[in-house]
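If you want the building blocks of each chain, they are given just below.
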Amino acid sequence: MATDLPPSSPPLVLLFGPLDPTGAAHLMADSISCARLGCHAVSVVTSLHVQDTISCEQLQLVPPEHLYDQMRCLLEDMPISAIKAGPLYSAEAASVLAQVAADYTAIPLVLQLQSLQDHMLADHDIDTDDVMDAIFQLVLPQTDLVVADSTLLEQLQNSGHLPEQDNVYQAVLDLGANQLLSATPAQGSDPARYQLLGQDGTRQHWPLEATPHRLHDTDSTLSVAIAAGLAQGKPLQRAIAEAIHFTESSAARHFQAGMGKLILNQTL
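Report follows, based on the coordinates. (Residues numbered from 1 in each chain as written. Predicted model: local features only at pLDDT ≥ 70, side-chain atom pairs only at ≥ 80, totals over all residues. Heavy atoms only, no water.)

**Remarks on the pairing of strand β5 (residues 109-112)**
Rules: Type-normalised accessible area, obtained with a 1.4 Å probe on protein chains alone, sets the label of each residue: buried when under 20%, exposed when over 50%, and partly exposed for intermediate values. Helix and strand assignments follow DSSP, with helices taken as H or I runs no shorter than four residues and strands as E runs no shorter than two, numbered in order from the N terminus. Strand pairing is assigned whenever DSSP detects at least two bridges linking the two strands. By convention, orient the strands away from the viewer: a clockwise path from the first strand over the helix to the second makes the crossover right-handed.
Neither face of β5 is exposed, since Leu-109 and Leu-111 on one face and Val-110 and Gln-112 on the opposite face are all buried. Relative to β5, strand β4 (residues 80-85) runs parallel, the two being bridged by 3 bridges. Residue Ile-83 lies in a different strand from β5, and its bridge partner there is Leu-109. A crossover links β4 with its parallel partner β5, the connecting element being helix α3 (residues 91-103), and its sense is right-handed. By the bridge criterion, 3 bridges tie β5 to strand β6 (residues 145-147) in an arrangement that is parallel. Bridging from a neighbouring strand, Val-110 pairs with Leu-145 of β6.

Right, here's the structure in full:
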């Protein structure tokens with residue numbers, strides 16, 4: 001069984017997600033973010049990407065039994081303080097995450113919700129409907145915080161994955177997520193902002209600064225930064241506020257590595 005860390009050891013964050021070989025997002029980038037924030041990252045690789053900075057050409061899913069064994073090995077050996085998961089590409093990966101999270105309810109789980117690219121999953125005979133259903137039915141009830149922008153949530157509702165109701169945010173909470181953090185664009189006199197909504201009636205928002213055009217999706221950075229804050233024992237709202245600042249500061253430092261999207265420069 002895991003034992004408590006010595007006082008000099010950094011908090012441990014378990015990353016459950018895909019490997020992006022460009023280092024722009026997911027496991028490689030999240031590991032760097034963890035280190036910059038004073039945490040040590042351990043990981044469960046759920047899929048291997050073949051991609052460049054323009055697009056992902058294909059992916060190789062890791063067998064679910066490997067995911068289960070690797071996650072158990074880490075959790076039984078090391079005192080993990082937070083889990084950052086996502087994006088998830090298979091119902092089996094969602095099931096493994098849900099099973100293990102149900103046994104470790106004291107460890108906060110931050111889920112990055114992302115749209116699935118049908119053309120990537122088709123080669124694996126994966127039904128995106130099955131994947132989203134597994135995420136919503138199995139993972140959300142185990143999740144402390146879901147990170148997803150409002151545009152994605154509306155798309156999921158329009159495609160029938162989320163219950164049809166006036167408040168799309170409440171639809172996510174009704175499926176069992178404890179808290180939802182969502183980026184919403186400017187609407188009329190309302191500026192762009194992050195909104196936090198919770199089962200307990202929590203309602204809070206923070207300003208959302210515009211990110212550079214063609215910058216890689218920053219939801220991964222935001223999600224792992226929140227997980228790092230929770231791993232350090234910070235209250236959720238403080239962890240979110242600091243994660244937003246970290247993400248926006250990182251977004252201001254970027255570089256052009258290839259012919260595609262800009263990448264956060266985490267060497268600074």
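**Side note on the side chain of Lys-234**
Keep this limit in mind: Contacts described as polar in this section are N or O atom pairs within 3.5 Å, which, within protein, must combine one atom able to donate a hydrogen with one able to accept it, while residues neighboring in sequence count only if both atoms come from side chains. Residues are treated as being in contact if the distance between any of their heavy atoms lies within 4.5 Å.
With respect to the secondary-structure elements, Lys-234 resides in the loop between α8 (219-231) and α9 (236-251). Here Gln-232 takes part through its side chain, which lies 3.3 Å from a polar atom of the side chain of Lys-234. Apart from residues lying up to four places away in sequence, Lys-234 is in contact with Gly-229, Ala-239 and Glu-242.

**Comments concerning the state of the cysteines**
To keep it simple, the criterion reads: A pair of sulfur atoms, both from cysteines and within 2.5 Å, is called a disulfide here.
Taken as a whole, this structure holds 0 disulfides when the rule is applied. Cys-34 provides the cysteine sulfur closest to Cys-39, a residue in no disulfide bond, and the two sulfurs are 5.8 Å apart. You can call Cys-39 buried: its relative accessible area is 6%.

**Describing the sheet that holds strand β8 (residues 193-198)**
Convention followed: All axes here are fitted lines through C-alpha atoms, helices being fitted over the stretch that makes contact, and every angle between N-to-C directions spans 0 to 180 degrees.
Spatially, the 9 strands line up as an open sheet ordered β3-β2-β1-β4-β5-β6-β7-β8-β9, and their pairing is mixed. Strands with a single pairing partner mark the edges of an open sheet, and in this sheet they are β3 (56-61) and β9 (203-207). Ignoring which end each strand starts from, the neighbouring axes of this sheet average 20° apart. Inspection of the sheet shows β6 paired to strand β7 (residues 179-184) by 3 bridges, in the parallel sense.

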